[in-house]
Amino acid sequence: LAKTTQPISMDSYEGQEVNITCSHNNIATNDYITWYQQFPSQGPRFIIQGYKTKVTNEVASLFIPADRKSSTLSLPRVSLSDTAVYYCLVGDAPPRSARQLTFGSGTQLTVLP
Amino acid sequence: GAGVSQSPRYKVAKRGQDVALRCDPISGHVSLFWYQQALGQGPEFLTYFQNEAQLDKSGLPSDRFFAERPEGSVSTLKIQRTQQEDSAVYLCASSLVRQATEKLFFGSGTQLSVL
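Residues numbered from 1 in each chain as written. Chains lettered and ligands numbered in written order. Predicted model: local features only at pLDDT ≥ 70, side-chain atom pairs only at ≥ 80, totals over all residues. Heavy atoms only, no water.

1. Things to note about the overall build of chain B
Of regular secondary structure, chain B possesses 0 helices and 11 strands. Order of helices (α) and strands (β) in chain B, N terminus to C terminus: β-β-β-β-β-β-β-β-β-β-β. Out of the 115 residues belonging to chain B, those deemed buried represent 48%. Pairs at least 24 residues apart make up 54% of the contacts formed inside chain B by residues separated by at least 6 positions. With the model as given, the accessible surface of chain B reaches about 5600 Å², and the carbon-plus-sulfur share is 47%. The averaged location of the 11 negative side-chain charges in chain B is 5 Å from the averaged location of its 12 positive side-chain charges. (Helix = DSSP H or I, 4+ residues; strand = E, 2+ residues; numbered from the N terminus. Buried < 20%, exposed > 50% of the residue type's maximum accessible area, 1.4 Å probe, protein only. Contact = heavy atoms within 4.5 Å. Areas by Shrake-Rupley, 256 points an atom, 1.4 Å probe, with all protein chains shown as cover. Lys, Arg positive; Asp, Glu negative; His and termini not counted. Charge placed at Lys NZ, Arg CZ, Asp CG, Glu CD.)

Shown next as structure tokens:
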């Protein structure tokens, strides 16, 4: 299974761009990278998914370098409501095992006023 | 409903009691997952269904844990003879297609406290 490593916590201020990097050194050829966001007392919520280069949607961008050993979730102009835990997941499609969807401990992002 | 629904939202059990946690996935979703989330930790995989078939139960921590999805929609996670270490939030997620790396939709979870 591809293991992921993320910072435990990050602080930012409102209006800033936040970049959270995830390391996945043993990512396999078929693996995709997916990010989820979790607020207290809620289940995780899908943010973005990608395989290589750059993916952008209405809430975030995902940057994946050519070697795919890491990925960076970019949140533009964060607000207080972006305070949450962010998880990076790596797994292939179709998965060899549902256990590949391993969340890890995530990154606690705190946005300060 | 529009999303994944879990009930009850909170459950308090005395040690040794049996509990049953229910998950109503989004209508038509093929895949269903159960996760266990301890305080301050990320969700840990428990088991996975594709329609009514339980394809992976390797994450269930002991034989006291049992999950079913008999008609391929609603799922129940049962914990027998609960122990204090079972206290956690139990999350259910569903997805539309058979590829598990597609977008997962999570419920808000059931918070289980074993006294």
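From this point on, the discussion continues.
2. Concerning the sheet that holds strand 8 (residues 75-79) of chain B
Residues and elements named next belong to chain B. Taken in spatial order, the 4 strands line up as 1-3-8-7 in an open sheet, and their pairing is antiparallel. With one partner strand each, in any of the chains shown, strand 1 (5-7) and strand 7 (65-68) form the two edges of the open sheet. Neighbouring strand axes in the sheet, compared pairwise and without regard to direction, differ in orientation by 15 degrees on average. The pairing of strand 3 (residues 19-24) with strand 8 spans 5 bridges and is classified as antiparallel. Looking at the pairing, Val19 lines up with Ile79 of strand 8. (Pairing = 2+ DSSP bridges. Axes fitted to C-alpha atoms, helices over the stretch in contact; angles between N-to-C directions.)

3. As for the pairing of strand 9 (residues 88-95) of chain B
Residues and elements named next belong to chain B. Counting buried positions along strand 9 yields 7 of 8 residues, so the element is predominantly enclosed. For strand 9 and strand 11 (residues 110-114), the ladder comprises 3 bridges, and the chain directions are antiparallel. Its bridge partner being in strand 11, Ala88 is matched across the sheet by Leu112. By the bridge criterion, 2 bridges tie strand 9 to strand 10 (residues 105-106) in an arrangement that is antiparallel. Among the inter-strand pairings, Ser94 is bridged to a residue of strand 10, identified as Phe105.

4. Observations regarding the state of the cysteines
Residues and elements named next belong to chain A. Scanning all chains against the criterion turns up 2 disulfides over all chains. Covalent S-S linkage joins Cys22 and Cys88, the inter-sulfur distance amounting to 2.2 Å. Taking the sign of the torsion about the S-S bond as the criterion, the disulfide between Cys22 and Cys88, at about -80 degrees, is left-handed. You can see Cys22 sitting in strand 2 (residues 18-23) and its partner Cys88 sitting in strand 8 (residues 84-92), a full 66 residues away along the chain. (Disulfide = S-S within 2.5 Å.)

5. A short note on the sheet that holds strand 2 of chain A
All names here are of chain A. Strands sit in the order 2-7-6-5 across an open sheet of 4 strands; the sheet is antiparallel. Across the chains shown, the open sheet's two edge strands, defined by having one partner strand only, are strand 2 and strand 5 (53-56). Across this sheet, the average inter-strand angle for adjacent strands is 15 degrees, counted without regard to direction. Here strand 5 runs beside strand 6 (residues 61-64); their pairing, made up of 4 bridges, is antiparallel. Directly across from Val55, in strand 6, lies its bridge partner Leu62.

6. Details of the packing of aromatic side chains
All names here are of chain A. Going through the model one piece at a time under the given rule, you end up with 12 aromatic pairs over all chains. Between Tyr87 and Phe103 the ring centres are 5.4 Å apart and the planes differ by 85 degrees, which places this aromatic pair in the edge-to-face class. With Tyr87 in strand 8 and Phe103 in the loop between strand 8 and strand 9 (107-112), this residue pair connects regions lying 16 residues apart in the sequence. One exposure class covers both Tyr87 and Phe103, and it is buried. (Phe/Tyr/Trp six-rings, centres within 6.5 Å; stacked < 30°, edge-to-face > 60°.)

7. Quick look at the environment of Ser75 of chain B
All names here are of chain B. Mapped onto the elements of the fold, Ser75 is located in strand 8. Taking the C-alpha atoms as reference points, Ser75 and Trp34, 41 residues apart in sequence, are found 9.3 Å from one another. Beyond its immediate stretch of four places on either side in the chain, Ser75 contacts Leu21, Arg22, Cys23, Leu32, Trp34, Phe49, Glu68 and Arg69.

8. Quick word on the pairing of strand 8 of chain B
Residue and element names in this part refer to chain B. Counting buried positions along strand 8 yields 4 of 5 residues, so the element is predominantly enclosed. In this structure, strand 7 lies alongside strand 8, joined through 4 bridges in antiparallel fashion. Opposite Phe65, over in strand 8, you have Ile79 as the bridge partner. Where strand 7 folds back on strand 8, the antiparallel hairpin that results is connected by 6 residues, among which Gly72 adopts a positive phi of roughly 80 degrees.

As far as function goes, none of this settles anything; it's purely spatial.
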